[in-house]
Amino acid sequence: MALFGTVRRPPAKLFVAMGVVVVCGFAVATWQVWTNDNALRDRGRQVTARVTGVDLGKKSRVEVEFRTSDGRQVRSLVGQGDEAPGPRVQVGDEIPIVYDPRHPDHDVRDARAPENHRIAYILLGTTLFGLVGVPLATLRLLREERRKGTG
């Protein structure tokens, strides 16, 4: 017996629809992060950037300002959980970064940090979990609906 009365489960069709939307969202996010990482590897340009802000919270994000090869002045955030070895940067420091010339204000990473696809792998794992979990949970909902309908 539930603490606050009976537990009402969503209809299976609604659960499937929402599950498909969520899994598709994670799949798109996985693809986007993976292609952004590859874009930095394949066509990234390395320049020196000046640190203009440091957020020492959980994600340790660093705001930098740099000039692109075509002369534009750009501000962007660096760091998606990948930290460069050595001491933390301070405002005013200069660090080497890699940016995507097509999207210099979006795709930027610290050139000192090792390349990896950690975020893409986490998103991929979540997507695969949803691909397995949504059908299994749907089967359980359908069985409960059938049992209540025949009982």
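Details of the structure are given in the entry above.
Computed from a predicted structure; not experimentally measured. (Residues numbered from 1 in each chain as written. Predicted model: local features only at pLDDT ≥ 70, side-chain atom pairs only at ≥ 80, totals over all residues. Heavy atoms only, no water.)

S.K.: Now, about the overall build of the protein chain: what can you tell me, with residues and values included?
M.R.: Helix and strand counts for the protein chain come out as two helices and five strands. Starting at the N terminus, the α and β elements of the protein chain follow one another as α-β-β-β-β-β-α. Going through the 151 residues of the protein chain one by one, you find that 29% of them count as buried. For the protein chain, the accessible area works out to roughly 10,500 Å², and carbon and sulfur atoms hold 60% of it. (Helix = DSSP H or I, 4+ residues; strand = E, 2+ residues; numbered from the N terminus. Buried < 20%, exposed > 50% of the residue type's maximum accessible area, 1.4 Å probe, protein only. Areas by Shrake-Rupley, 256 points an atom, 1.4 Å probe, with all protein chains shown as cover.)

S.K.: Describe the packing of aromatic side chains, listing the residues and the values that go with them.
M.R.: Any aromatic ring pair is given by two values, namely how distant the centres are and how the planes are angled relative to each other. By the definition in use, this model includes two aromatic pairs. Look at Trp-34 and Tyr-121: their rings are 6.0 Å apart centre to centre, the planes differ by 55°, and that puts the pair in the tilted class. Of the two residues, Trp-34 sits in helix 1 (residues 12–43) while Tyr-121 sits in helix 2 (residues 118–150), which places them 87 residues apart along the sequence. (Phe/Tyr/Trp six-rings, centres within 6.5 Å; stacked < 30°, edge-to-face > 60°.)

S.K.: Quick rundown of the side chain of Thr-30? Include the residues and the values.
M.R.: Inspection of the secondary structure puts Thr-30 in helix 1. Judged by its relative accessible area of 11%, Thr-30 falls in the buried class. Excluding residues that lie within four positions of it along the chain, Thr-30 makes contacts with Ala-120, Leu-123, Leu-124 and Thr-127. (Contact = heavy atoms within 4.5 Å.)

S.K.: Pulling in residues and values, what's your account of the sheet that holds strand 1 (residues 45–55)?
M.R.: Spatially, the five strands line up as an open sheet ordered 3-2-1-4-5, and their pairing is antiparallel. Two strands in the sheet have a free side with no partner beyond their single neighbour: strand 3 (73–78) and strand 5 (108–110). Sheet twist, expressed as the average angle between the axes of neighbouring strands with direction ignored, equals 45°. One ladder, built from six bridges, connects strand 1 with strand 4 (residues 94–99); its direction is antiparallel. Across the sheet, the residue bridging to Arg-45 is Tyr-99, located in strand 4. Along the sheet face, helix 1 touches strand 1, strand 4 and strand 5 and points at about 105° away from the line of strand 4. (Pairing = 2+ DSSP bridges. Axes fitted to C-alpha atoms, helices over the stretch in contact; angles between N-to-C directions.)

S.K.: Mind laying out the side chain of Asp-110, listing which residues take part and the relevant values?
M.R.: As for its position among the elements, Asp-110 is in strand 5. Within polar-contact distance, the side chain of Asp-110 engages the side chain of Arg-112 at 2.7 Å. If we ignore the near neighbours within four places in the chain, the residues touching Asp-110 are Val-78, Ala-84, Ile-95, Pro-96 and Ile-97. (Polar contact = N/O pair within 3.5 Å; in protein donor to acceptor, adjacent residues only side chain to side chain.)

S.K.: Report on a nonpolar patch on the surface, specifying residues and quantitative values.
M.R.: Together, Trp-31, Trp-34, Tyr-121, Leu-124, Leu-128, Leu-131, Val-132, Leu-136 and Leu-139 give the surface a local cluster of nonpolar side chains, amounting to about 930 Å² of exposed area. Of all the secondary structure elements, the ones that give two or more residues to the nonpolar patch are helix 1 and helix 2. Per-element tally for the nonpolar patch: the top contributor is helix 2, with seven residues. Within the secondary structure, Val-132 sits in helix 2. (Patch = residues over 30% accessible without salt bridge, like charges linked within 9 Å, V, L, I, M, F, W, Y side chains within 5 Å. Salt bridge = Lys/Arg side-chain N within 4 Å of Asp/Glu carboxyl O.)

S.K.: Kindly report on the nonpolar core, identifying the contributing residues and their values.
M.R.: Membership of the largest hydrophobic core comes to 13 residues, with the highest contact counts inside it found for Val-51, Val-64, Phe-66, Ile-95, Ile-97 and Val-108. When residues of this core are traced back to their parent elements, those giving at least two are strand 1, strand 2 (61–67), strand 3 and strand 4. Ile-95 has contacts with Val-47, Thr-48, Ala-49, Val-51, Val-64, Val-89, Asp-110 and Arg-112, leaving out every residue within four places of it along the chain. (Core = buried A, V, L, I, M, F, W, Y, C linked by side-chain atoms within 4.5 Å.)

S.K.: Give a description of the pattern of salt bridges that names residues and reports values.
M.R.: Two side chains of opposite charge can pair, provided their charged atoms sit close to one another. Inspection of the entire model under this criterion finds eight salt bridges. Arg-50 is the partner of Glu-65 in a salt bridge, and the nearest nitrogen-oxygen pair spans 2.8 Å. Taken as a pair, Glu-65 in strand 2 and Arg-50 in strand 1 lie far apart in primary sequence, 15 residues in all. Relative accessible area serves as the criterion here: at 36%, Arg-50 is assigned to the partly exposed category. Each of Arg-50, Glu-63, Glu-65 and Arg-75 takes part in salt bridges that share partners, so that together they form one network.

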